[in-house]
Amino acid sequence: MLQMDDNQSCFQILPKAHKAQVHADCQSSDRVFELNADFTRHGVWGSVCELVEQAWTHLNQQEYAALLESHNYALYMVLADHREQIGLKYACLTDTATGAEKTRNFPVDRAYRMVNSLVEVVKAWKSSIATKEQWTIVVKDFSKANYLTTRFFLELARRMTDIDVLVFSEDTRLPFDLPNLGMDLVPTQRGKSLPSQPEMLIKTLDTFDADLYEHLISTNDMMAWEGAFPCMLRHFEESGDALSVAKVAIRALCLYNHYGYYHESASFVDTVLPYLDKLVGQDQITRWSYLGNIFQGMVTTGRENEALATILTHAEPYLTKPCVKAKMHYLLSMIYLRYLKDQDLDKAQYHIMRAQQEIAEAQGSISDLEHDFLSVFIDNGLAFLSVRQGKNEEALQLCYSGFKFLTEKLGDEAHKLHRSVLLYNSAQVYTMLGKNEEALKFYKEAVEMDPYYSEYYNEIGNLLQRLGRYAQAIGMYESAIKYSAPYSEVYSNKGMCHVFLEQWQEALTSFSRSLELSPYQQDVYLVRGDVFSGQDEDGMAFEDYSRAIAMSGDSATARVNRAVIHYERENYEAALRDMDRAIELEPDNLSHYENRAEIYKVMGMISQAQEDLARVAAPEMA
């Protein structure tokens with residue numbers, strides 16, 4: 001019998017709609033693994049990395065080179081001990097940029113895509129060695145997991161019915177926005193009947209090394225902290241040394257922000273902020289560096305008002321150097337312009353102008369290279385504000401002149417990331433102006449500078465799709481897929497192009513892949529249902545329309561389409577119920593009344609049919 005903490009109960013992760021499917025038979029598991037999810041003890045991925053390591057090791061010895069290459073990014077990031085062997089095949093500029101060079105953070109869903117890769121690697125591993133077996137993964141300390149580890153186990157349970165995921169937790173609630181994944185923790189007694197010696201996939205915790213700690217503190221090598229911080233955090237927590245805990249925590253916070261693990265980064269904020277003054281002393285550069293990382297984790301995880309308060313409390317009263325004040329005012333401008341739900345263009349303009357004043361004043365106190373870069377960076381913020389103010393031509397001039405200035409002053413190699421962003425911004429403004437060919441030209445130049453940034457290809461594909469150049473758009477989407485861990489959006493976009501080209505099977509394949517990755521896409525179910533219907537697959541269409549109807553907000557379109565199928569099946573009462581609901585959702589859509597009139601007619605309800613048709617003929621009388 002597994003040894004459990006008395007404070008933890010056993011749950012099985014199941015879809016909300018399938019709570020009754022808890023496996024009661026303890027003999028149903030052919031293989032049992034034990035993992036630990038404690039974030040502060042085992043890092044961002046808990047012992048997920050040990051499970052993935054087993055999968056990678058096996059697949060690496062077999063004929064799975066193509067599959068492993070398609071998940072190269074996630075494997076490289078998660079299997080830190082094997083990075084030299086794995087190699088990062090398609091590193092974009094955001095991966096390689098550091099310090100002032102890193103002017104763009106990863107989108108928040110970049111890390112979620114990695115979860116998709118990890119699930120697919122485990123799935124391929126199991127399929128290759130034990131297709132017919134039922135496995136069980138037991139996860140200890142599940143309530144102590146952070147976002148990505150929790151999301152991994154939820155997605156694993158959702159996508160692999162031949163792996164049962166049992167978790168031991170003190171809390172039945174899922175944190176963050178994870179309940180939106182449609183999974184629940186369902187109480188079960190199965191943990192009591194599992195074998196006493198499952199396969200342990202938990203690395204022994206490192207012991208504290210004082211010399212290593214002093215070396216890391218003195219060198220501040222962020223990458224070297226990755227494997228070291230859990231044992232150091234544990235050591236100082238146990239000794240009650242809160243200041244040293246904060247010293248370790250701020251390094252972990254900055255590292256995870258760099259990787260785009262924003263929930264994990266933000267989890268250290270409350271540990272760090274009370275000791276910020278002691279951590280930075282009088283060093284304004286370090287103060288701003290730490291606060292910038294703190295801000296990013298908070299604002300990206302829905303804590304934008306706290307992020308603003310943090311800057312106003314811990315930065316504004318302490319900063320006197322013009323170059324640092326310029327960065328602060330730039331960030332404050334972006335808070336009011338893009339991060340707050342109640343945006344304030346006047347405050348955004350005030351702070352961007354203050355940023356321009358401060359950077360002008362900083363000339364001579366910082367290097368010409370840094371001054372030139374920051375000046376253009378701030379002007380880029382002004383360009384964003386100009387777009388929001390409807391001054392698109394002004395924004396375009398700022399982006400283009402900034403790119404030209406930086407290239408002439410700094411050469412082709414310096415600040416490549418920021419210059420590629422300027423090109424991308426120019427492309428976006430041209431798109432807003434309806435100058436699509438110019439937009440494509442700037443997109444192409446941005447891609448040439450940063451060829452492995454998946455999001456560029458996806459956006460180019462979207463523009464080409466709007467222009468009706470579907471085959472070219474598909475090529476862009478395929479590049480986006482190649483250079484990223486899987487994400488649903490690019491597959492649904494690709495599927496739409498196949499629809500326009502009447503490539504029905506390819507469309508179905510793309511939509512199904514998108515829904516596999518993210519099953520809560522009402523619009524994708526609607527379109528796939530239409531494709532099934534056009535292929536005379538009414539049963540499949542009916543299922544997709546029903547899924548769309550079951551989602552939040554219902555769907556008048558799905559109701560109408562399902563009513564048609566009910567009508568053709570001579571299930572008139574069900575057809576009428578769907579049309580009644582469609583009218584509730586869209587009472588001003590006259591075509592709904594025409595459709596319902598046809599149902600009334602065939603049901604012999606002539607007066608009701610006449611009422612609906614009269615409404616259509618004279619809507620102003622209704």
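Definitions and limits used
- Residues numbered from 1 in each chain as written.
- Predicted model: local features only at pLDDT ≥ 70, side-chain atom pairs only at ≥ 80, totals over all residues.
- Heavy atoms only, no water.
- UniProt positions renumbered as here; feature names shortened; annotations may be inferred.
- Helix = DSSP H or I, 4+ residues; strand = E, 2+ residues; numbered from the N terminus.
- Phe/Tyr/Trp six-rings, centres within 6.5 Å; stacked < 30°, edge-to-face > 60°.
- Buried < 20%, exposed > 50% of the residue type's maximum accessible area, 1.4 Å probe, protein only.
- Contact = heavy atoms within 4.5 Å.
- Salt bridge = Lys/Arg side-chain N within 4 Å of Asp/Glu carboxyl O.

1. As for the UniProt feature "repeat: TPR" (unreviewed entry) in the protein chain
According to UniProt, the positions carrying the feature "repeat: TPR" (unreviewed entry) are residues 420-453, 454-487, 488-521 and 556-589. Across residues 454-487, the secondary structure splits into 76% helix and 0% strand, with the terminal C-alpha atoms separated by 10 Å. Helix and strand shares over residues 556-589 are 79% and 0% respectively, and the end C-alpha atoms of the span are 10 Å apart.

2. Observations concerning the packing of aromatic side chains
In total, this model carries 31 aromatic pairs according to the counting rule given. Aromatic pair Tyr567 and Tyr572: ring centres 5.5 Å apart, planes at 65 degrees, arrangement edge-to-face. By relative accessible area, which is 32% here, Tyr567 ends up partly exposed. One aromatic cluster is present, formed by Phe39, Trp45, Phe229, Tyr256, Tyr259, Tyr261 and Phe268 through successive ring pairs.

3. Re the environment of Phe403
By the element assignment, Phe403 lies in helix 20 (residues 392-410). Ignoring any residue separated from it by four or fewer positions in sequence, one finds Phe403 in contact with Arg419, Leu422, Leu423 and Met449.

4. Here's the deal with the pattern of salt bridges
On inspection of all chains with the given rule, the structure shows 41 salt bridges. For Glu543, the salt bridge goes to Arg547, with nearest N and O atoms at 3.5 Å. Of this pair, Glu543 and Arg547 both sit in helix 28 (residues 538-550), four residues apart, roughly one helical turn. Accessibility expressed as a relative area gives 38% for Glu543, which makes it partly exposed.

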